[in-house]
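Examining the three-dimensional arrangement
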Amino acid sequence: MELIDTHTHLDFPDFDADRPALLAESRAVGVRQMVVLGVYRDNWQRVWDLVQSDPDLHAALGLHPVYLDQHRPDDVALLREWLSRLAGHRQLCAVGEIGLDYYIPTLDRERQQALFEAQLQLAVEFELPALIHVRRSHADVISTLKRMAPKRAGIIHAFAGSFEEAREYIKLGFKLGLGGAATWPQALRMHRVLAKLPLDAVVLETDSPDMAPAMFPGQRNSPAHLPAICEALAGIMAISAEQLAEASTANARRLFNW
Ligand SMILES: [Zn+2]
């Protein structure tokens, strides 16, 4: 089984003690490529250094909405500089993690929107996919994507919306990132949505070290858990793990031009 983990934070200090062993373990269970996403300006260098150390790692760079209050006014300009400098590099794969987070009430929505649009504009300009964080903000993300129509689309990370919302993203060319959250027995609505999703619209992800799946409760999540996540999701979708692995891997490769 060949898998691609389209969303990780492997640069986080959670992995400092055993990163090489964990990468080897992930490869041994079939995880062929992993995307590491930048979240604020001070971790981009770390993300880039990490992916440079391993040809199966790919970087996305962006300003995450959850860190809104840390971002500085010139950070978008700095992101543009980074993207210009790395343009065309095989290991630069996307702009992300970007998006809108309405779950945390203290994050100013207007500033989030401005930051999101400025970064989507960079995805358009540099012809990169966008990796998008959406919490309680589907309506605004969908209307922004309709307006800006980024040509290479991207991934809706940890998709947990309704089937109607899924359809809107799919119409815009986006893939839906599925991971540990949907493996929990409580995620009943998501189970019903999963069973209806077209296979050509899904990619797999872990969000390591976060979003532990039901099989590894409370543990640090890792790309090595992706086969178990694939198995659990395939069960909910009433297909084989091989079918889900094959489709999600092909979808990710097509999206990133790998
Ligand atoms: Zn993330």
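Residues numbered from 1 in each chain as written. Predicted model: local features only at pLDDT ≥ 70, side-chain atom pairs only at ≥ 80, totals over all residues. Heavy atoms only, no water.

**A few points about the UniProt feature "binding site: a divalent metal cation 1" (unreviewed entry) in the protein**
- This chain's UniProt record puts "binding site: a divalent metal cation 1" (unreviewed entry) on His 7, His 9, Glu 97 and Asp 207. Spatially, the listed residues are clustered: although they cover 201 residues, their C-alpha atoms lie within 11.1 Å of one another.
- Tracing the chain through its elements places His 9 in the loop between strand 1 (3-8) and helix 1 (19-28).
- With relative accessibility at 4%, the residue His 9 sits in the buried group.
- Those residues in contact with His 9 that sit more than four places away from it in its chain are Phe 15, Leu 37, Val 39, Glu 97, Asp 207, Ser 208 and Pro 209.
- At 3.3 Å, the side chain of His 9 forms a polar contact with the backbone oxygen of Leu 37. (UniProt positions renumbered as here; feature names shortened; annotations may be inferred. Helix = DSSP H or I, 4+ residues; strand = E, 2+ residues; numbered from the N terminus. Buried < 20%, exposed > 50% of the residue type's maximum accessible area, 1.4 Å probe, protein only. Contact = heavy atoms within 4.5 Å. Polar contact = N/O pair within 3.5 Å; in protein donor to acceptor, adjacent residues only side chain to side chain.)

**Considering the coordination of the zinc ion**
- The protein atoms that coordinate the zinc ion are His 7 (NE2), His 9 (NE2) and Glu 97 (OE), at distances spanning 2.1 Å.
- Sequence positions of the donors to the zinc ion reduce to the motif H-x1-H-x87-E. Across the pair, His 9 and His 7 agree in class, each one buried. (Donors = N, O, S within 2.8 Å, 3.2 Å for Na, K, Ca; no water.)

**Overview of the packing of helix 4 (residues 109-125) against helix 5 (residues 138-148)**
- Two numbers describe how helix 4 lies on helix 5: the axes approach to 11 Å, and their chain directions differ by 40 degrees. As far as their axial angle goes, helix 5 and helix 4 are oblique. In the packing of helix 4 onto helix 5, the handedness of the crossing is right-handed. Across the interface between the two elements, Gln 113, Phe 116, Glu 117, Leu 120, Gln 121 and Val 124 from helix 4 touch Asp 140, Val 141, Thr 144, Leu 145, Arg 147 and Met 148 from helix 5.
- Of the residues contributing to the contact of helix 4 with helix 5, the split by class is six nonpolar, three polar and three charged. (Axes fitted to C-alpha atoms, helices over the stretch in contact; angles between N-to-C directions. Parallel < 35°, antiparallel > 145°, perpendicular 65-115°, else oblique. Left-handed = near helix turned anticlockwise from the far one by under 90°. Nonpolar A, V, L, I, M, F, W, Y, C, P; charged D, E, K, R; others polar.)

**Considerations on unusual backbone geometry**
- Residue Glu 97 is bonded to the preceding Gly 96 through a cis peptide linkage, with omega at 20 degrees.
- Looking along the chain, the bond that leaves Ser 208 and enters Pro 209 is cis, with omega of 10 degrees.
- Positioned with a positive phi, Ala 153 is a non-glycine residue whose angle comes to about 50 degrees.
- Topologically, Ala 153 is positioned in the loop between helix 5 and strand 6 (154-157).
- For Asn 257, which is not a glycine, the phi torsion comes out positive at approximately 60 degrees.
- As for its position among the elements, Asn 257 is in the segment after helix 9 (241-256).
- The class for Asn 257 is exposed, based on a relative accessible area of 59%.

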